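Residue-level structural notes
The primary structure of each chain is shown beneath.
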Amino acid sequence: KMKVYSVVAVALVHLAVAWRVSAKVVPSHVEEVPDDGGNIKYFHDDEVDECETVVIIGVGTAMGPNDYDLVSTQITSGTSIVTVIVDPEPFWCFKKSATSYARLVNAFVLQLGELIPKCQGNSPNFFVGGHSASGMAAAHALPFITTFEPVGFIGLDPYSFDSPPDIHIPGLFWGFSDTTCFADVNEAAKPAYVGTGDASRVLYQIQNDMKHLSHCSFTDDGCGPIGGIVCPANPGSNRIRESVGESVKKFVAQLGTISKEDFEEAVSDGLNVVVYANEEAPLYTEPVRWLRVGFRALKCWWAMLLNLISGSPRPIATAD
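From a predicted model like this one, the values you see are computed outputs, not experimental measurements.

Digging into the overall build of the protein chain
Looking only at helices and strands, the protein chain features 10 helices and 10 strands. Every one of the 320 residues in the protein chain was classed for burial, and the buried ones make up 56%. Per element, the accessible surface of the protein chain, about 14,100 Å² overall, is 56% carbon and sulfur.

Brief notes about the packing of aromatic side chains
The tally for this structure, following the rule as stated, stands at seven aromatic pairs. Look at F176 and F218: their rings are 5.9 Å apart centre to centre, the planes differ by 65°, and that puts the pair in the edge-to-face class. Note that F176 is positioned in strand β8 (residues 171–176) and F218 in the loop between β9 (201–206) and α7 (225–228), a separation of 42 residues in sequence. Note on F218: relative accessible area 0%, which makes it buried. Here the basic side chain of K96 rests over the ring of F94, its NZ or CZ set 5.9 Å away from the ring centre. Above the face of the Y193 ring, R201 is positioned so that its terminal group lies 4.2 Å from the ring centre.

A word on empty space enclosed by the protein
In total, this model carries one cavity of 30 Å³ or more according to the counting rule given. Roughly 30 Å³ of internal volume is contained in the largest cavity. Along its surface, the largest cavity is lined by D157, F176, D178, T179, T180, A183, D184, V185 and A188. The residue inventory of the lining of the largest cavity, partitioned by class, reads four nonpolar, two polar and three charged.

Some thoughts on helix α8 (residues 237–254)
The end-to-end C-alpha distance of α8 is 26 Å, a good match for the 26 Å that 18 residues give at a rise of 1.5 Å each. Two residues or fewer past α8, L255 is found with a positive phi of approximately 45°.

A closer look at the pattern of salt bridges
A complete count under the given rule lists six salt bridges for this structure. In this structure, R103 engages D36 in a salt bridge whose closest nitrogen and oxygen atoms are separated by 3.5 Å. Taken as a pair, R103 in helix α3 (residues 98–110) and D36 in the loop between β2 (31–32) and β3 (39–45) lie far apart in primary sequence, 67 residues in all. Across the pair D87 and K95 runs a salt bridge whose closest N-O atoms are separated by 3.0 Å. In terms of burial, D87 and K95 fall into one category: buried.

Brief notes about the nonpolar core
Grouped together as the largest cluster of nonpolar side chains are 41 residues, with contacts concentrated most on V54, I56, V84, Y101, F108, I116 and F153. Mapped by element, the contributors of at least two residues to this core are β3, β4 (53–58), β5 (81–87), α3, α4 (112–115), β6 (125–131), α5 (133–141) and α6 (189–194). Ranked by size, the runner-up nonpolar core spans 40 residues in total, among them M63, F218, V244 and F251.

Details of the pairing of β6
The buried count for β6 comes to six of seven residues, which makes it a mostly enclosed element. For β4 and β6, the ladder comprises four bridges, and the chain directions are parallel. Note on β6: the bridge partner recorded for G58 is G130. Bridge count for β6 against strand β7 (residues 152–156) is five bridges, and the pairing is parallel. Counted as the bridge partner of V128 is F153 from β7. A crossover connection joins β6 to the parallel β7 through α5; in handedness this β-α-β unit is right-handed.

Cut-offs and rules
- All residue numbers here refer to positions counted from 1 along the written sequence of the relevant chain.
- Given that this is a predicted model, residues contribute local features only at a pLDDT of at least 70 and side-chain atom pairs are listed and counted only at 80 or more, while totals for whole chains, interfaces and linings are drawn from all residues.
- Excluded from the side-chain calculation are hydrogens and water; included are all heavy atoms of the structure.
- Put simply, DSSP H or I for four residues or longer makes a helix, DSSP E for two residues or longer makes a strand, and each gets a number counted from the N terminus.
- Per-residue accessibility, obtained with a 1.4 Å probe over protein chains only, is compared with the maximum for each type, and a residue is labelled buried under 20%, exposed over 50%, and partly exposed between these values.
- Working definition of accessibility: Shrake-Rupley area with a 1.4 Å probe, residue cover restricted to the visible protein chains.
- Centres within 6.5 Å are what make two rings of Phe, Tyr or Trp a pair, Trp counting through its six-membered ring; a difference in plane orientation under 30 degrees is then read as stacked, over 60 as edge-to-face, and the rest as tilted.
- Only when the NZ atom of a Lys or the CZ atom of an Arg is both within 6 Å of the ring centre and within 35 degrees of the ring normal do we say a charge sits over the ring.
- Definitions used for this entry: grid spacing 1 Å over protein atoms alone; cavity, a set of points where a 1.4 Å probe fits but cannot get out; pocket, an open set with protein on both sides within 12 Å along at least 5 of 7 lines; lining residue, one with an atom within 4 Å of a point.
- Grid points are joined across faces, edges and corners, and a volume is the space filled by probe spheres set on the points.
- Note that Gly is not counted as nonpolar here; it falls among the polar residues with everything else outside the nonpolar set of Ala, Val, Leu, Ile, Met, Phe, Trp, Tyr, Cys and Pro and the charged set of Asp, Glu, Lys and Arg.
- To estimate the expected span of a helix, subtract one from its residue number and multiply by 1.5 Å.
- Throughout this description, the term salt bridge denotes a Lys or Arg side-chain nitrogen within 4 Å of a carboxyl oxygen of Asp or Glu.
- Joining through side-chain atoms within 4.5 Å is the link that ties buried Ala, Val, Leu, Ile, Met, Phe, Trp, Tyr and Cys residues into a set, and such a set is a nonpolar core.
- When DSSP finds two or more bridges between two strands, those strands count as paired.
- Crossovers are described as right-handed under a simple rule: with the strands pointing away from the observer, the path leading from the first strand over the helix to the second runs clockwise.

Shape descriptors only; they carry no functional weight alone.
Structure follows, in structure tokens:
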């Protein structure tokens, strides 16, 4: 009995902490950015007055701004960081367009004070990046970002790269040891990390040989409709979101100076992660390129089918 009571007590403590974290982080509604058409949703800590940092995270394939509340809350809680989830292509499943990503973030920053009143009159540091396909789009969009100068890149298993991209700013990446959801690990966070200058980069490689933690663990409910049945966020994913939040806070605070020991402290207890930093690099194996096309198509076709069944289909735009 005492053991049962102890387990219940620990669970209640965790619930209380989670409620406290979420209670002070205020999300906006999903808003359309004027002069662009892309959508954003932002999160800020109501107990912090400043808007010193804006972290911009693009959504993954078949995802939207409402799918990243948990990780955004972890990033923002207790800080002057405003986390902004962006969807450059709301009516298109594949979020791969670098030009769409750049166009949205350029327009958003030009209107920052109007869209986020807390940031009016501020000159925050901007970090850009994304999850999955938008992570790749963000990397390729860097040369086209003209209305501001990003100081860092944040990639949540960005995918898919045929070769390492040219990321000329400090980079923080989260990836996996084993492929899940058909997002080949050798076309995701690894090449993005390799393409970043070796004096200011860090890669968290989650050891998921049992495949219980996946490419979509960064989302609230996995990727795709109906609780992410295509690629679910399995139990244990919250440790990933908590660790991402802590690592982003360290990344923002250090502004490009990477101390591996400091970043290792961001990992939650019970999460098995290998951390690479600066000149260190992970090993590669031969990628299975054909899998990525089939997986993205499956997620999008399934999402479109359910939209039609629900009676509220959305138009499908042409990707750039």
